[in-house]
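Architecture at a glance
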There are 2 protein chains.
Amino acid sequence: MGNIHSRKLEHFTQLSPASKIALSTLASNRVCHYGAHEDIIREGDRPHVMRLILSGWAYRYKQLYDGRRQILALCLPGNLCDHNVFILREMDHTLGALTPVTLTEITPAALHALTLAHPCIAQALWWETLVNVATQREWTTNMGCRYAVERLAHLFCEIFYRLRSVGLIEDTSCPMPLTQSDLADTTGMTTVHVNRSLQELRTKRLITIKHRRLTIPDLAALERRALFSPSYLHLNHTGQRRDTKEG
Amino acid sequence: MGNIHSRKLEHFTQLSPASKIALSTLASNRVCHYGAHEDIIREGDRPHVMRLILSGWAYRYKQLYDGRRQILALCLPGNLCDHNVFILREMDHTLGALTPVTLTEITPAALHALTLAHPCIAQALWWETLVNVATQREWTTNMGCRYAVERLAHLFCEIFYRLRSVGLIEDTSCPMPLTQSDLADTTGMTTVHVNRSLQELRTKRLITIKHRRLTIPDLAALERRALFSPSYLHLNHTGQRRDTKEG
DNA sequence: CGTATTCTTGACCAACGTCAAGAATTGTGG
DNA sequence: CCACAATTCTTGACGTTGGTCAAGAATACG
């Protein structure tokens, strides 16, 4: 429980069991720590390694010339970042730490060896990549045809489902390190409008946020408000959802 | 020039040369035709094959319960659709034909044999998938922090770059089969607002659209208006851009 | 040549953005 | 544990982008 490797194992539920073992025993892994709001790799940088988030939240973002910022994705514990990204010349966006982050770096050579030794790991990587694209598509949908309140509700549903799949929720609540300003840049709105939309969700008793924790008393109700359907997360693939209490 | 295989070869510029040869000689390929506005595979269907667009435009879309539609991606000639998608249980969106489409189906078995025989094809698949995610991220950015006129301009720039990379432009113009209603569902706006934004682009002499063809007299100017940068398309990777005239 | 689709326009309205300032919360050093 | 500074949250007044509804004009198509 105390050391990095067991913590890592704990969060590997999105990969197949064989991949877990293989990755966890990988000697060439280097473990790195980042402070909150520190960039991990920037737009324009050449990517060299694949990263696996052990703890903390990272996020991808892009910034336009005039300062407009868009948060593109959240990387939660257990997520692999930039599978095979070293195929590309340079990063087209920035990966940053939202909270303090611990991650392990996997070199192309190590990854290559791994996929040779454990063919199923290649499949696991493809699976997670396909889920990433699907999620990005859902975010596009979210921005394109949902209203402010629905957008936020949808984001909360996704976060809750994803954290639940790696056992990081408690009953009806989960961590929520995103500030209203972050939520604004994630959902393409202003902080003022986020604030007012959150108030509506609170008034309707669909969520509460306190001390950086999100509580969803009635998930089904929130899903309805968000027009949310979890199919794009393809969680049933692994069958490894790990609810903390009822399993 | 006349038969499918040479036409296919023509459009393979996004894959490495070895992949081209391998895929083009693949005997197990089945060639399919779809009419305009026909669905190729629907949300909820189980995916069985990978598809390679030989001619015509396909598109991915999602529909909410109340009818709102979001166009999520465009699949242009030469694009592979749903690499390894058979890893997933079911489609989380629909793939449809925008114009009449010719495509070839590649079975998992054929793909598996291919990647074994030509390891570089696996890399090519990863490359195209990574570009797909990057493009989806850019669309998220487009919706999240660009204004109507910028959004449309950005979309036109992307289409022009992508078609140019497979030699499907003529001078400063390219096909534009999207109706204003399609553009609306792509950019998350209404047809009325698309219409007015297009008028602005036309008035400023940045584009003209006539007979389903888009002309961009000054691409650099349009890029500036769109806050467009082609880096996310990672075109320099293959170095195989094929401009029709100057090559 | 007629019908369906697509485009265009107008009038009006709602969702969301801007600006600004004060309250609450968080984090840090003494 | 407190004091103080920095963030973050909240609220108000008002402006703008883009949505709605509706109807006529222009194109595309069989």
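Everything that follows concerns the structure shown earlier in this document.
First things first, this report covers the structure right here in the doc. Values in this document were obtained by computation on a predicted structure and should not be read as measured data.

About the thresholds
- Residues numbered from 1 in each chain as written.
- Chains lettered and ligands numbered in written order.
- Predicted model: local features only at pLDDT ≥ 70, side-chain atom pairs only at ≥ 80, totals over all residues.
- Heavy atoms only, no water.
- Contact = heavy atoms within 4.5 Å.
- Buried area = accessible area lost by both parts, 1.4 Å probe.
- Salt bridge = Lys/Arg side-chain N within 4 Å of Asp/Glu carboxyl O.
- Polar contact = N/O pair within 3.5 Å; in protein donor to acceptor, adjacent residues only side chain to side chain.
- Helix = DSSP H or I, 4+ residues; strand = E, 2+ residues; numbered from the N terminus.
- Nonpolar A, V, L, I, M, F, W, Y, C, P; charged D, E, K, R; others polar.
- Buried < 20%, exposed > 50% of the residue type's maximum accessible area, 1.4 Å probe, protein only.

The interface of chain A with chain B comprises 45 residues on the first partner and 45 residues on the second. Carbon and sulfur atoms make up 64% of the area that chain A and chain B hide from each other, which totals about 4400 Å². When the area that chain A buries against chain B is broken down by residue, the three leading residues are I87, W126 and R137 of chain A, summing to 17%. Taken together, chain A and chain B are joined by six salt bridges. For E150 of chain B, the salt bridge is made with R68 of chain A, and the minimal N-O distance between the two is 2.9 Å. At the junction of chain A with chain B, the criterion picks out 13 residue pairs in polar contact (both at pLDDT 80 or more). Those elements that provide at least two residues to the side of chain A that touches chain B are β4 (58-63), β5 (69-75) and α4 (119-145) of chain A. For the side of chain A that touches chain B, the per-class residue count stands at 19 nonpolar, 15 polar and 11 charged.

Our focus in this paragraph is the pattern of salt bridges. If you walk through the whole model with that rule in mind, you get 26 salt bridges over all chains. Here R69 of chain A makes a salt bridge to D182 of chain A, at a shortest N to O gap of 3.2 Å. Taken together, the positions of R69 of chain A in strand β5 and D182 of chain A in helix α6 (residues 180-187) put the pair 113 residues apart, joining distant regions of the chain. When its relative accessible area of 18% is taken as the criterion, R69 of chain A is described as buried. Of the residues examined, D182 of chain A reaches a relative accessible area of 9% and is grouped as buried. The salt bridge involving R69 of chain B is made with D185 of chain B; its shortest N-O contact spans 2.6 Å. Of this pair, R69 of chain B sits in strand β5 (residues 69-75) while D185 of chain B sits in helix α6 (residues 180-187), placing them 116 residues apart in sequence. Residue class for D185 of chain B comes out buried when judged on its relative accessible area of 18%. Taken together, the salt bridges that share partners define one network made up of K62 of chain A together with E138 and R146 of chain B.

Scope: geometric values only; no functional claims are made or implied.
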